[in-house]
There are 2 protein chains.
Amino acid sequence: MTFQVHADVHAFEFERAPVPFAASEPPAVDATLDSRGELSIRLHPKHADGTRELRVRYALHGAAGAPVVIVQGGISADRHVVTTADGGAGWWSAIVGPGRAIDTRGCRVLSIDWVELADLGGAHAVDSADQADALAAVLDALGLRRARAFVGSSYGAMVGLAFAARHPQRIGHLVAIAGAHRAHPLSVAVRNIQREVVRLGARLGDAAAGLDLARRLAMTTYRGEREFAERCADAPVFADGRFQFAEEAWLKAAGASFVQRFDGARYLALSESIDLHRVEPEDVRVPTTLIGISTDRVVPLADLCELQRRCGAAAALHVIDSRYGHDAFLKEDAQISALISETFTLIGNAT
Amino acid sequence: MTFQVHADVHAFEFERAPVPFAASEPPAVDATLDSRGELSIRLHPKHADGTRELRVRYALHGAAGAPVVIVQGGISADRHVVTTADGGAGWWSAIVGPGRAIDTRGCRVLSIDWVELADLGGAHAVDSADQADALAAVLDALGLRRARAFVGSSYGAMVGLAFAARHPQRIGHLVAIAGAHRAHPLSVAVRNIQREVVRLGARLGDAAAGLDLARRLAMTTYRGEREFAERCADAPVFADGRFQFAEEAWLKAAGASFVQRFDGARYLALSESIDLHRVEPEDVRVPTTLIGISTDRVVPLADLCELQRRCGAAAALHVIDSRYGHDAFLKEDAQISALISETFTLIGNAT
């Protein structure tokens, strides 16, 4: 039996006695929940005066009444985390789903589409703190007191850290993958150039070309050095008036597909939001599992070490050995699953 | 006494008996040579049919009659290596000059301005092999049989490797700093995007803006991660309608000054030349000293290790520990000087 619930579902969602979390057998549940909709919330944007009312799109999927796990991905991810019968493939279905590390037979996965700058009427920027506050407001609107865990990757990890600092009573554990308490200045610099390229294209009349190139540049930072070298081993060939490189063909395809599904304004706001992100590690007073990637050139391990050392609660740091760079959170399913399962087993009866 | 010689100076330059090279006392010389000019040469471009006649700007500076050392830098460097009374500051005057590691009291330093695509009428591209051939032709035109050493940095190191593979009889030793037998694919990808940004600006009517952003992007690859973080520690401030980041201010200044001294066509051709560069290490049959930089994100040490392992002649690899990334060849004067001095002492009497 599948529920489809849209907007303002307070009456439907209610708190139950905790259900065992990462047990080898999923809890007996009377229904599979698949709820998507829009909720009206109110928040005070970090970079604006006063409060704003806005609508947030959420998805809640899993075993009805089971503990809640918040899952958020990178700036280009959305609330469609899990593969569903009518919604198609979820972006993290290797990690989240029935029998997966985040087992939807034993929990309910909550995710939102990122709040955009336009939602915050007149704010200077959208901050990771705003995303965290939006998630807390969504918990309220859904009548959910608390999430068992928050599992965030990339920008989602930054939002998870902001959430842990601002709403520590609302989560039992944070799993932050490939995200730190601040963006590294070198990554800030490269994203700044991405935004300048988007602005250049828009200013000169070809916004799509600007966004395309910005995404290509982003892709060069997401991948591992060695993996990239293996992918692009072919020698350049002269065609159409100039030399064509294997690297360019790959980047072109990545840029073209991105332009189809994203727009410049959203990109500018979310990219800037990464760079504005700042959480004092000492303010993170929720037990935390940090997962870093050996080859990540966006989030250096040194920053995760500092975060772990300064964290305001117990924090473990695991490093995944991967050739995929920052994108390993989308590629290293076995390693990510093992670490999440281990974490969930440890916290299962403690939170 | 200073000579100023322009164009076709065969009569002036002649071979002498070798003068001791890196002796503690400079050789007794009867003159200081400071010769700059243009030479007419002929070469067969790698990416064209037939030969081309072109003019190459060179500088030859040091102790008249002393052994020749070829010095070439990155794509934005020029022949003005040494500081001279009337020519102003040279770009590598910390390393090359009287009493420096490359001591102009004991050698003559030869350098050229890079051959540009426009010089090769109709060629598809300008190759590092073309630069090497141009240098060999300049040696011919100046009546110089052989250089004692070739010291190349960055693109200059690539040209040095091409020179060693194509004209092994013309140099005694190669010192290649921060350059390998091929460009790394990830660096190729980032340079490809730099060129696309230059093309985007040109196509949409603001070529300077495109070149500016391309240079900013290049700068992010030239510097070390940690050094960058220390430079850009200030928090962003909201001004002129959006948040301004410390990283952006630094990049902006770098882009603006570059646009003053470079043009898009030259940038496109020399950037592409780096990416087309390919030398089989086995073809390098000249004793070689490779210098890598621990934090170089343009030229990974793994590529220098492979080059050293496969080199067709004896090759030593030294790694400079630096926070400056690729740009360490312009920053780590003491370490670079020590390695060059050590190398010159070793080869002093052998070549």
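These numbers were taken from a predicted model, which means no experiment stands behind them.

Scanning chain A from N- to C-terminus turns up 10 helices and 13 strands. If you line up chain A on its principal axes, its C-alpha atoms span 70 × 45 × 45 Å. Taking all contacts inside chain A whose residues are at least 6 apart in sequence as the whole, residues at least 24 apart take part in 75%. Accessible area of chain A: about 13100 Å², with a carbon and sulfur share of 50%. Chain A carries 37 positive and 43 negative side-chain charges, and their two centres are separated by 1 Å.

Attention now goes to the relation of the copies chain A and chain B. Of the transformation placing chain A onto chain B, the axial shift is 0.0 Å and the rotation is 180°, giving an RMSD of 0.0 Å. Here the transformation between the copies is reduced to the relation of a two-fold axis. Residue L204 of chain A, judged by its C-alpha, is the member of chain A lying nearest the rotation axis, at 2.9 Å. Here 100% of the interface residues in chain A have copies in chain B that are interface residues too; the copies meet face to matching face.

Our next topic: the confidence of the model for chain A. All names here are of chain A. Averaged over every residue, the pLDDT of chain A is 90; residues scoring 70 or more account for 90%. In this model, residues 1-30 is a region of pLDDT below 50 whose contacts with residues beyond four sequence positions or in other chains number 74 contacts. Reported for the predicted complex are a pTM of 0.89 and an ipTM of 0.88.

Quick look at the interface of chain A and chain B now. How big an interface is tends to be reported as the loss of accessible area on association of its parts. If you look at the interface, chain A gives 44 residues, while chain B gives 44 residues. Connecting chain A to chain B are 4 salt bridges. As a salt-bridge pair, R242 of chain B and E196 of chain A come within 3.0 Å of each other at their nearest N and O atoms. Run the count over chain A and chain B and you get 6 residue pairs in polar contact (both at pLDDT 80 or more). At the level of secondary structure, the elements contributing two or more residues to the side of chain A that touches chain B comprise α3 (185-204), α4 (207-222), α5 (225-231), β11 (242-244), α6 (246-261) and α7 (264-276) of chain A. In terms of residue count, α3 of chain A provides more of the side of chain A that touches chain B than any other element does, 14 residues in total. Here the residues of the side of chain A that touches chain B sort into 24 nonpolar, 6 polar and 14 charged.

All names here are of chain A. Each assigned domain of chain A is listed with its residue range as follows: domain 1 (2-182 + 280-349) and domain 2 (185-273). Inter-centroid distance (C-alpha atoms) of domain 1 to domain 2 is 28 Å. Counting residues at the interface gives 22 residues for domain 1, matched by 22 residues for domain 2. Of all residues in domain 1, I75, R297 and R323 give up the largest surface area on contact with domain 2, accounting jointly for 33% of the area buried on that side. Linking domain 1 to domain 2 there are 3 salt bridges. Ionic pairing is found between E116 and R266, a salt bridge with its closest N-O pair at 3.6 Å. On the surface where domain 1 and domain 2 come into contact, there are 11 residue pairs in polar contact (both at pLDDT 80 or more). For the side of domain 1 that touches domain 2, the per-class residue count stands at 9 nonpolar, 6 polar and 7 charged.

The two faces of a sheet get side chains in turn, since along a regular strand they alternate between them. Residue and element names in this part refer to chain B. In terms of burial, strand β8 (residues 149-153) is a largely internal element, 5 of the 5 residues being buried. The two faces of β8 match: A149, V151 and S153 on one face and F150 and G152 on the other face are all buried. The pairing of β8 with strand β9 (residues 174-177) spans 4 bridges and is classified as parallel. Looking across to β9, one finds that S153 is bridged to I177. Crossover connection from β8 via helix α2 (residues 155-166) to parallel β9: handedness right-handed.

Inspection of the secondary structure puts N192 of chain B in helix α3 (residues 185-204). Residue classification places N192 of chain B among the buried positions, given a relative accessible area of 1%. Not counting residues within four places of it along the chain, the set of residues in contact with N192 of chain B comprises F245 and E248 of chain A together with D275 of chain B.

Here α6 of chain A contains 16 residues, and its C-alpha end-to-end distance of 24 Å stays within 8% of the 22 Å for a straight helix at 1.5 Å per residue. When α6 of chain A is considered as a whole, its buried residues turn out to be E247, E248, W250, L251, A254, G255 and F258 of chain A. Along the axis of α6 of chain A, the buried residues cluster in a sector spanning 160°; they form a single face. Of the residues in α6 of chain A, the exposed ones pointing more than 90 degrees away from the buried face are A249 and Q260 of chain A. On its buried face, α6 of chain A is in contact with α4, α5, β11 and α7 of chain A together with α3 of chain B.

Next up on the list: the packing of aromatic side chains. If you walk through the whole model with that rule in mind, you get 16 aromatic pairs over all chains. Centre to centre, the rings of F150 of chain B and F163 of chain B are 5.5 Å apart; their planes meet at 50°, and the pair counts as tilted. On the criterion of sequence distance, the pair formed by F150 of chain B in strand β8 and F163 of chain B in helix α2 is long-range, its members being 13 residues apart. The same class applies to F150 of chain B as to F163 of chain B, namely buried. Summarising the aromatic geometry, the rings of F258 of chain B and Y267 of chain B are spaced 5.6 Å apart at their centres and angled 75° between planes, so their arrangement reads as edge-to-face. The exposure classification of F258 of chain B matches that of Y267 of chain B, with both residues buried. An aromatic cluster is present here, built from F258, F262 and Y267 of chain A joined pairwise through their rings. Over the ring of F262 of chain A we find R266 of chain A; its NZ or CZ atom is 4.1 Å from the centre of that ring.

The rules we used
- Residues numbered from 1 in each chain as written.
- Chains lettered and ligands numbered in written order.
- Predicted model: local features only at pLDDT ≥ 70, side-chain atom pairs only at ≥ 80, totals over all residues.
- Heavy atoms only, no water.
- Helix = DSSP H or I, 4+ residues; strand = E, 2+ residues; numbered from the N terminus.
- Contact = heavy atoms within 4.5 Å.
- Areas by Shrake-Rupley, 256 points an atom, 1.4 Å probe, with all protein chains shown as cover.
- Lys, Arg positive; Asp, Glu negative; His and termini not counted.
- Charge placed at Lys NZ, Arg CZ, Asp CG, Glu CD.
- Least-squares fit on C-alpha atoms with pLDDT ≥ 70 in both.
- pLDDT = per-residue confidence, 0-100.
- Salt bridge = Lys/Arg side-chain N within 4 Å of Asp/Glu carboxyl O.
- Polar contact = N/O pair within 3.5 Å; in protein donor to acceptor, adjacent residues only side chain to side chain.
- Nonpolar A, V, L, I, M, F, W, Y, C, P; charged D, E, K, R; others polar.
- Domains from an automatic or database assignment.
- Buried area = accessible area lost by both parts, 1.4 Å probe.
- Buried < 20%, exposed > 50% of the residue type's maximum accessible area, 1.4 Å probe, protein only.
- Pairing = 2+ DSSP bridges.
- Right-handed = clockwise from strand over helix to strand, strands pointing away.
- Expected span 1.5 Å × (residues − 1).
- Arc of directions from axis to C-beta.
- Phe/Tyr/Trp six-rings, centres within 6.5 Å; stacked < 30°, edge-to-face > 60°.
- Lys NZ or Arg CZ within 6 Å of the ring centre and 35° of its normal.

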